[in-house]
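# Understanding the architecture of this molecule
The lines below spell out each chain.
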Amino acid sequence: MRLLLRFFGFLFTLGAILFVLGAAGAGFVIWKYSQELPDYTQLAAYQPAVTTRIHAGDGSLLAEYSKERRLYVPIQTMPKLVINAFVSAEDKNFYHHIGVDPEGIMRAVVTNITHPGRRQGASTITQQVAKNFLLSSEQTFDRKIKEMLVALKIETAYSKERILELYLNEIYLGLGNYGVAAASLNYFGKSVNELTLTEAAYLAALPKAPNNYHPFRRTQAALDRRNYVIDRMVENGYVKKEEGDAAKSQPLGVSLRAVSPNTISAGFFAEEVRRELFDRFGEKTLYEGGLSVRTTLDPKLQQFARQTLADGLVRFDEARDGFHGVVQKIDVQTLDWGVELANVPAVTDVKNWQLAVVLGFNGDIAQIGLQPKRDSGGRVPTTRDTGILAADGLKWTKKTAKQILAPGDVIYVEPMPDKSGQYRLRQIPAVSGALVAIDPQTGRVLAMVGGFSFDLSKFNRATQAQRQPGSSFKPFVYAAAIDNGYTPSDLVLDAPIEIDLGPGQSIWKPENFDKQSHGLRTLRYGIEHSKNQMTVRLAQDIGMPLIADYGKRFGLYNNLLPVLAMSLGAGETTVLKVTSGY
């Protein structure tokens, strides 16, 4: 009996010593790592990087700019369904633990020992906030210990609701989406308040490893993980079993939202707004400040303007230059032409145009294969669409298909109305241009097109190209004259005139466009018929310094050189400035 008591005494003493040593060791570890912990109080002033959104005049979304695609949603407006889904998936004891979950740790240890191939972590939502905001993502014991210590401090300083708010707005959910609100909008085209059970469960499935649950490339894995989350919601009492079973039978329902100014042909306009915001507020505010910008753009008018300019440039190019070459050439004999053609970059902002490849000929008719569209996972479909280029589709070239094309040539085509399967040959015009439409009462820019295709060139010819306005400047000359004593019925001589440009310079002899002169004519006649000789005489009379001043007052020029050639529009300005001047 005495030996038994001594043995138990020995065990007690040993246990006490081990406890003291363990406590001392734990205290030392806590003290050591506490010296290196980041300041968790900075979470109180957290300012997330939020997407800047640009809207058209009717409120429709035009473009988004961000480094991290995020829309911040306060926890008070976050639906319970979404909160319950994430708590079930990531931390079922969230409302009960103190930042670290001993039950979760033990469960993870057992799982990792019994299933070596299934690594399971034990991070609570609070620990994830600590890691995402204040620490790195490196997989080390040092970082894990710091993560736990910071989580304990966060729990003492902030409410559960604040911790959840930080987590749900910061977490990365794949495909460039940060936070639940942005992911909801871009995966399903919905606000968080509109999400169904299946949709909320899929979003909650993503934090663990977004790339492993890609909705298109790894659909089955995504479904399995989503259903796992639904099962956990049923187990935790957030959802009835019948509802869960019905939800698990549903497809993912992901339909990625593509926000692009090209959907309303407004690439140049949106880029001009982006540059203006950058100049006014700087890069950080533009890409992280969550600006909401309402612009003056009229989407319907913008589409009309885009189509009008494109049609005009195409007509001019086809009539003047004829057919001037293919896009490129690919091998259609030995390679899969669909895959090869899918790899050729195409303009996406020209209505109804698409790339095609010449496959062969049937007499004077060219057989063409149309560029296949990749699916959401980036794969090229196995089906191949074809068509023909007949004489009607080549009429503007004044040649036959065999004269200008060969197998393997990549070209642009456009479907011919009322002729199924037939296409018209198209080409990128060698000439470009610009168009601006404004509200004359307010000066608001309603439509702006800066070139044939924003995909081809981001250079905005409406605002960045310095060009001579030519005769479009004459009305400002006549306005200056009428504002300073002339009347529309006053007479000015329309006759040849010679201007001495000074020593070493030739004599300048401006001519009318029709090479004719008509004697004394009224100012009204001069402006109506755009007479160069009358305009130069008028400018000579009222003085070029005055005209230069009017050019500045109307916003066309900052400093117009006060020489007579400028009265005929020889100075350089932009389409937007001239339009605004009018």
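Above this note sits the structure.
Thresholds applied
Residues numbered from 1 in each chain as written. Predicted model: local features only at pLDDT ≥ 70, side-chain atom pairs only at ≥ 80, totals over all residues. Heavy atoms only, no water. Helix = DSSP H or I, 4+ residues; strand = E, 2+ residues; numbered from the N terminus. Buried < 20%, exposed > 50% of the residue type's maximum accessible area, 1.4 Å probe, protein only. Areas by Shrake-Rupley, 256 points an atom, 1.4 Å probe, with all protein chains shown as cover. Contact = heavy atoms within 4.5 Å. Phe/Tyr/Trp six-rings, centres within 6.5 Å; stacked < 30°, edge-to-face > 60°. Lys NZ or Arg CZ within 6 Å of the ring centre and 35° of its normal. Axes fitted to C-alpha atoms, helices over the stretch in contact; angles between N-to-C directions. Parallel < 35°, antiparallel > 145°, perpendicular 65-115°, else oblique. Left-handed = near helix turned anticlockwise from the far one by under 90°. Pairing = 2+ DSSP bridges. 1 Å grid on protein atoms, 1.4 Å probe; cavity = no way out; pocket = protein on both sides within 12 Å on 5 of 7 lines; lining within 4 Å. Points joined across faces, edges and corners; volume = space filled by probe spheres on them. Nonpolar A, V, L, I, M, F, W, Y, C, P; charged D, E, K, R; others polar. Core = buried A, V, L, I, M, F, W, Y, C linked by side-chain atoms within 4.5 Å. Salt bridge = Lys/Arg side-chain N within 4 Å of Asp/Glu carboxyl O.

### So, the overall build of the chain
When its secondary structure is counted, the chain shows 20 helices and 15 strands. Buried positions account for 44% of the 582 residues belonging to the chain. Total accessible area computed for the chain in this model is approximately 30,500 Å², and 54% of it derives from carbon and sulfur atoms.

### Quick word on the environment of Arg162
One can find Arg162 in helix H6 (residues 160-170). Those residues in contact with Arg162 that sit more than four places away from it in its chain are Leu43, Ala44, Tyr46 and Tyr72.

### Some thoughts on the packing of aromatic side chains
Throughout the structure, instances matching the rule amount to 14 aromatic pairs. The interplanar angle of 55° and the centroid separation of 5.6 Å between the aromatic rings of Trp353 and Phe452 together place this pair among those described as tilted. Residue Trp353 is located in the loop between helix H14 (337-342) and strand E5 (354-362), and its partner Phe452 is located in the loop between strand E11 (445-449) and helix H16 (474-482); the two are separated by 99 residues in the primary sequence. Given the relative accessible area of 4%, Phe452 is considered buried. Aromatic pair Phe476 and Phe554: ring centres 5.1 Å apart, planes at 65°, arrangement edge-to-face. One end of the pair, Phe476, is in helix H16; the other, Phe554, is in the loop between helix H19 (544-553) and helix H20 (575-581), and 78 residues separate them in sequence. By relative accessible area, Phe476 is classed as buried at 5%. Three or more aromatic residues joined by ring pairs form one cluster here, namely Phe473, Phe476, Phe554, Tyr557 and Tyr582. Across from the ring centre of Phe452, 5.5 Å away, lies the NZ or CZ of Arg306, which sits over that ring. Above the plane of the ring of Tyr550 lies Arg553, whose end atom (NZ or CZ) is 4.5 Å from the centre.

### Comments concerning the packing of helix H2 (residues 80-90) against helix H8 (residues 197-205)
Contact pair H2 / H8: the axes reach a minimum separation of 9 Å and the direction vectors enclose 40°. By the angle class used here, H2 and H8 are oblique. As for the relative orientation of H2 and H8, their crossing is right-handed in sense. The residues of H8 that touch H2, namely those facing Leu81, Val82, Ala85, Phe86, Ala89 and Glu90, are Leu197, Ala200, Ala201, Leu203 and Ala204.

### Digging into the pairing of E11
In terms of burial, E11 is largely enclosed, as four of its five residues are buried. Between strand E10 (residues 435-438) and E11, which pair antiparallel one after the other, the connecting turn spans six residues, and Gly443 there sits at a positive phi close to 80°.

### Looking at the side chain of His214
Locating His214 in the fold gives a position in the loop between H8 and helix H9 (219-235). A relative accessible area of 5% means that His214 is categorised as buried. Those residues in contact with His214, other than ones at most four positions away along the chain, are Leu175, Tyr202, Thr219 and Ala222.

### Quick word on the layout of surface pockets
What the second largest pocket holds in volume is close to 570 Å³. In terms of lining residues, the second largest pocket is bounded by 24 residues, among which Thr348, Asp349, Val350, Asn352 and Trp353 are the most central. Elements represented by at least two residues in the lining of the second largest pocket include exactly helix H13 (299-321) and E5. It is H13 that contributes the most residues to the lining of the second largest pocket, five residues altogether. Partitioned by chemical class, the residues of the lining of the second largest pocket number 11 nonpolar, nine polar and four charged.

### Side note on the nonpolar core
Across soluble globular proteins, nonpolar side chains have a tendency to be buried as a group. Core analysis: the largest hydrophobic core is formed by 54 residues, its most contacted members being Met78, Phe86, Leu168, Val180, Tyr202 and Leu203. Elements represented by at least two residues in this core include exactly H2, helix H4 (125-134), helix H5 (141-157), H6, helix H7 (180-188), H8 and H9. It is H8 that contributes the most residues to this core, seven residues altogether. Other than its neighbours up to four places away in sequence, Val180 contacts Met78, Val82, Phe86, Leu168, Leu173, Val192 and Leu203. Judged by nonpolar contacts, the second largest core, of 28 residues, contains Val536, Ile542, Met544 and Tyr550.

### Comments concerning the pattern of salt bridges
Scanning the model with the defined rule gives 28 salt bridges in all. The salt bridge involving Glu271 is made with Arg274; its shortest N-O contact spans 2.8 Å. Remark: Arg274 and Glu271 occur in helix H11 (residues 267-281); sequence separation between them is three residues, near one turn of the helix. Accessibility classification places Glu271 together with Arg274 in one group, the buried group.

### Brief notes about the sheet that holds strand E1 (residues 52-55)
An order of E2-E1-E3 is seen for the three strands of this open sheet, with the pairing classed as mixed. Of all strands in the sheet, those with a lone pairing partner are strand E2 (61-65) and strand E3 (292-294), marking the two edges. Across the sheet, the mean angle from the axis of one strand to that of its neighbour is 20°, orientation sign disregarded. Bridge count between E1 and E3: three bridges; the pairing is parallel. When the bridges of E3 are listed, Arg53 appears paired with Ser292. Across the sheet, H11 is in contact with E1, E2 and E3; its angle to E2 comes to roughly 45°.

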